[in-house]
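# Per-entry structural report
If you want the building blocks of each chain, they are given just below.
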Amino acid sequence: AERAAEAAKAELRRNELYLERVGREIEKKAAVFEREVAARKDAVAAYDSLALKHRALEDDRDAARADAAASAKRSAAADDERFALEASRRDLALQVQELLQSGERRR
């Protein structure tokens, strides 16, 4: 009975040592796991930040394109007006010449 009790104590001690070793390994792995989780959270936060910056840059680009299109439209309208005014100027110049010439003929 004494041998059985000592064998049981020895078995119990081996089991306790084994559980302690397993506990230490779990603690080590838990620390590694926590670092990996933190690194993944940091990566997700960095990605989210970049995604927001990317979206803002896309919005800026779209606004710049819209401004460029509006500027091109205003430029084309100004060119059209300039051509129309130039045509009117030439027409008025001809009319003035004709009036001057007809006035000279009447003298």
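Below or above, wherever it landed, is the structure these notes cover. (Residues numbered from 1 in each chain as written. Predicted model: local features only at pLDDT ≥ 70, side-chain atom pairs only at ≥ 80, totals over all residues. Heavy atoms only, no water.)

## Looking at the overall build of the protein chain
Each helix and strand in the protein chain was counted, giving 1 helix and 0 strands. Against the compact-globule benchmark of 13 Å for 107 residues, the protein chain has a radius of gyration of 45 Å, which places it well outside the compact range. In terms of its C-alpha atoms, the protein chain occupies a principal-axis envelope of roughly 155 × 10 × 5 Å. Total accessible area on the protein chain is roughly 9,900 Å²; 58% of this is exposed by carbon and sulfur atoms. (Helix = DSSP H or I, 4+ residues; strand = E, 2+ residues; numbered from the N terminus. Rg over C-alpha atoms; globule rule 2.2 N^0.38 Å. Areas by Shrake-Rupley, 256 points an atom, 1.4 Å probe, with all protein chains shown as cover.)

## Notes on the pattern of salt bridges
Inspection of the entire model under this criterion finds 8 salt bridges. In this structure, Arg-55 engages Asp-59 in a salt bridge whose closest nitrogen and oxygen atoms are separated by 3.2 Å. Of this pair, Arg-55 and Asp-59 both sit in helix α1 (residues 2-106), 4 residues apart, which is roughly one turn of the helix. A residue is classified by how much of its surface remains accessible, and Arg-55, at 46% relative accessible area, is partly exposed. Taking the shortest distance from any N to any O, the salt bridge between Arg-89 and Glu-86 comes out at 2.5 Å. Highlighted residues: Arg-89 and Glu-86, both in helix α1, separated by 3 residues, approximately one helical turn. By relative accessible area, Arg-89 is classed as partly exposed at 47%. (Salt bridge = Lys/Arg side-chain N within 4 Å of Asp/Glu carboxyl O. Buried < 20%, exposed > 50% of the residue type's maximum accessible area, 1.4 Å probe, protein only.)

## Focus on the environment of Gln-97
Structurally, Gln-97 is set in helix α1. For the pair Gln-97 and Ala-7, spaced 90 residues apart in the sequence, the C-alpha separation amounts to 132 Å.

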